[in-house]
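So you can see what is in the structure, the chains are spelled out below.
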Amino acid sequence: MQKADKAANDFVSSMKLLVSKPIAFIALILLSLIEPIVNLSLTFFAGCALCGNTMDTPTIIMLLNIMTLNMYASNAAAIIPTPGNGGALETTMAMTLSNFFKGTTGWVILLCRFFNFYIYIFVGFFMTIYDLIRQIKKERKLMKEAKIIQQQKQENPPLENTPSQKEDKQNK
């Protein structure tokens, strides 16, 4: 029950934050609408860049067709139980988009999947390594500080006849 209360309180505080900043809220909605459009149109622009003169003249209709086929391929591959649809989406995209990108379909798909999927894996990998290195450096620094403190205590032992020690001996 406490988990549910915490989740509800987090949701309420998030909504209060969004309501208190309406411009940020509108920007978030717009970015949420633009992001899938950019991801779906990346295939078209990669094809235009890699195919050169071998592709038909790029038009808005071709962009919309490729975006639609890209969405169909993504949804068709979503039912295949592989991590990240690795291999399944590439195969489905190759079958659906081979008419548009005649000799470079594989390269177009590889480029698109790299920027839509694999780049996040690489970024996450490097972020994990960076955090690991930072944690190791932090632990070494703390160990070095503890060692210095221990050495200082050994070099400067407490005096035997300090007033507080005399009081301790008298209390015993």
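Up top is the structure.
A brief report on the enclosed structure follows. (Residues numbered from 1 in each chain as written. Predicted model: local features only at pLDDT ≥ 70, side-chain atom pairs only at ≥ 80, totals over all residues. Heavy atoms only, no water.)

### Let's talk about the overall build of the protein chain
How we decide: Elements are defined by DSSP. Helices are runs of H or I of four residues or more, strands are runs of E of two residues or more, and each kind is numbered from the N terminus. When a residue's accessible area, from a 1.4 Å probe over protein chains only, is under 20% of the maximum for its type it is buried; when over 50% it is exposed; and in between it is partly exposed. In what follows, residue pairs with any heavy atoms lying within 4.5 Å of each other are defined as contacts. Shrake-Rupley sampling with a 1.4 Å probe provides the accessible areas, and residues are treated as covered by the protein chains on show and by no other component.
In terms of helices and strands, the protein chain carries six helices and zero strands. Counting helices and strands in the order they occur from the N terminus, the protein chain gives α-α-α-α-α-α. Counting across all 172 residues of the protein chain, residues that qualify as buried make up 17%. Residue pairs in contact within the protein chain that sit at least 24 positions apart in sequence constitute 52% of those at least 6 positions apart. On the protein chain, roughly 13700 Å² of surface is accessible, and the fraction owed to carbon and sulfur atoms is 67%.

### Regarding the packing of aromatic side chains
Note the cut-off: Only the six-membered ring of Trp is used, alongside the rings of Phe and Tyr, when aromatic pairs are assigned; centres must lie within 6.5 Å, and planes under 30 degrees apart are stacked while those over 60 apart are edge-to-face, with the rest tilted.
Enumeration according to the criterion identifies six aromatic pairs in this entry. Look at Phe100 and Phe101: their rings are 6.4 Å apart centre to centre, the planes differ by 50 degrees, and that puts the pair in the tilted class. Its relative accessible area of 18% is what places Phe100 among the buried residues. Ring geometry for Phe117 and Tyr118: centres 5.0 Å apart, planes at 75 degrees, overall edge-to-face. Take Phe117: its relative accessible area is 23%, and that puts it in the partly exposed class. Of the residues examined, Tyr118 reaches a relative accessible area of 26% and is grouped as partly exposed. By the ring-pair criterion, three or more aromatic residues cluster together here, those being Phe114, Phe115 and Phe122.

### Examining the packing of helix H3 (residues 60–77) against helix H4 (residues 88–97)
Relative orientation and spacing of two packed helices are given, respectively, by the angle between their axes and the distance between those axes. Filter applied, for reference: Every axis corresponds to a line fitted to the C-alpha atoms, with the helix fit spanning only the stretch in contact, and the corresponding angles, defined between N-to-C directions, vary from 0 to 180 degrees. Each crossing gets its hand from how the near helix is turned against the far one by less than a right angle, where anticlockwise is left-handed and clockwise is right-handed.
Relative to each other, H3 and H4 sit at 145 degrees, their axes nearing to 9 Å. The crossing of H3 and H4 is right-handed. Residues Ile66, Leu69, Asn70, Ala73, Ser74, Ala76 and Ala77 of H3 form the contact with H4, whose participating residues are Ala88, Leu89, Thr92, Met93, Thr96 and Leu97.

Limitation: the analysis is restricted to geometry and does not speak to function.
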